[in-house]
Amino acid sequence: MKVSSKSRRQFVKNAAGGLGLVSLPSILQAQKLERIEKKKIVCVGGHPDDPESGCGGTLARLAKSGHDVTIIYLTTGEAGIEGKSHAESADIRKQEAIKACDVIKAKPVFAGQIDGDTIMDNAWLSKIQNLVSIEKPDIVFTHWPIDSHKDHQIASLLTIQTWMRSQQKFLLYFFEVCAGEQTMTFHPTDYIDITDTQEQKRKALYCHASQDPPGIYACGHAAMEEFRGRELGVKAAEAFICMNGKKQGGFNFF
Ligand SMILES: [Zn+2]
């Protein structure tokens, strides 16, 4: 498909958008010094439990620092409970997500796509653009697009397109889930120390009782927190790739 010069210009503009923005780690560092104003954070995940497992520790840290955190769940996990109808599963998983957001101190938003049947089209792109732009975010998190789960990919692509088309400048960070099994070829640019919020993240994940929380940790998340922590030199960390790039606003923690 032909790419218009307008969309190319917008892409370049957004890619450079981080130049004037405060980076994620600087927000966390500066908050301690009370030198930074309140920021708006949005996380877009495929299913209830993805934002929590991918960046729950970081979201909890941001909320604890006084920033506004909103989690947009693309689907409500309709296909996620064996033996239950889509409606029954969605009801259970919505309540679990609301509880998890309460632990993280985030506002939950349910976009309304169907688990296992997610769609990337212009209508859904408009809807996600609207849901994100209402929040006027400074930072948005989403899945890394190379992932074995199609719903994760769709959540990522909708968010990337939203970032590309947005008139509002915001930093876009990708998180990893179940590395090696779901997220693939992930080479982090940024790390956040979650030592102080690791337990809060665990509590949020355990709100998703229907999803076998010990199984979520066993599928890699415990090892990921420890390994990313070793890379950063702390007990536990979460890792990210910054779309805007290190030079434009990614952080330099080392
Ligand atoms: Zn998922």
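Structural data are supplied above this passage.
Residues numbered from 1 in each chain as written. Predicted model: local features only at pLDDT ≥ 70, side-chain atom pairs only at ≥ 80, totals over all residues. Heavy atoms only, no water.

Chemist: Teacher, can you tell me more about the state of the cysteines here?
Modeler: Defined simply, a disulfide is a covalent bond joining two cysteines at their sulfur atoms. Overall, the coordinates contain 1 disulfide when judged by the stated rule. For Cys178, the disulfide goes to Cys219, at an S-S distance of 1.9 Å. In this pair, Cys178 is assigned in the loop between β5 (171-175) and β6 (190-193) and Cys219 in helix α8 (residues 213-232), connecting sequence segments 41 residues apart. Judged by relative accessible area, which is 2%, Cys178 ranks as buried. In this model Cys207 remains outside any disulfide bridge; the closest cysteine sulfur is found in Cys101, 9.2 Å from its own. (Disulfide = S-S within 2.5 Å. Helix = DSSP H or I, 4+ residues; strand = E, 2+ residues; numbered from the N terminus. Buried < 20%, exposed > 50% of the residue type's maximum accessible area, 1.4 Å probe, protein only.)

Chemist: Teacher, can you tell me more about the coordination of the zinc ion here?
Modeler: When a metal holds four donors in a tetrahedron, each ideal angle between them is 109.5 degrees; when it holds six in an octahedron, the ideal angles are 90 or 180 degrees. Listed as protein donors to the zinc ion are His47 (ND1), Asp50 (OD), Asp50 (OD) and His152 (NE2); their distances from the metal cover 2.0 to 2.6 Å. Coordination at the zinc ion is irregular, judged from the 4 donor atoms that bind it and the angles of 54 to 136° they form at the metal. Every donor residue of the zinc ion comes from the same chain, spaced as H-x2-D-x101-H. Owing to a relative accessible area of 4%, Asp50 belongs among the buried residues under this scheme. (Donors = N, O, S within 2.8 Å, 3.2 Å for Na, K, Ca; no water. Tetrahedral: all angles 85-135°; square planar, octahedral: opposite > 155°, others 65-115°.)

Chemist: Looking at this model, I keep getting lost on the pairing of strand β3 (residues 107-113). Mind explaining?
Modeler: The side chains of a regular strand alternate between the sheet's two faces. As defined by bridge partners, strand β2 (residues 68-75) adjoins β3 across 5 bridges and the pair is classed as parallel. Residue pairing across strands places Tyr73 opposite Phe110, the latter belonging to β3. With helix α4 (residues 86-104) bridging β2 and its parallel neighbour β3, the resulting β-α-β unit is right-handed. (Pairing = 2+ DSSP bridges. Right-handed = clockwise from strand over helix to strand, strands pointing away.)

Chemist: When you look at the side chain of Asp190 in this model, what are you seeing that I'm missing?
Modeler: Tracing the chain through its elements places Asp190 in strand β6. Exposure remark for Asp190: the relative accessible area of 1% places this residue in the buried category. Within the structure, the side chain of Asp190 is placed 2.4 Å from the side chain of Thr189, a separation counted as a polar contact. (Polar contact = N/O pair within 3.5 Å; in protein donor to acceptor, adjacent residues only side chain to side chain.)

Chemist: Explanation requested: the nonpolar core in the structure shown.
Modeler: Side chains of a nonpolar character, in soluble globular proteins, are inclined to be buried together. Residues Leu24, Leu59, Leu62, Ile71, Ile139, Phe141 and Tyr173 are the most contacted members of the largest nonpolar core, which totals 31 residues. Elements represented by at least two residues in this core include exactly α2 (24-32), β1 (40-45), α3 (50-64), β2, α4, β4 (139-143), β5 and β7 (237-242). Not counting the four nearest positions on each side in its chain, Ile71 is found in contact with Cys43, Pro51, Leu59, Cys101, Ile104, Ala106, Lys107, Pro108 and Val109. Core analysis: the next-biggest nonpolar cluster, separate from the first, contains 27 residues, Leu125, Val140, Ala155 and Ala239 among them. (Core = buried A, V, L, I, M, F, W, Y, C linked by side-chain atoms within 4.5 Å. Contact = heavy atoms within 4.5 Å.)

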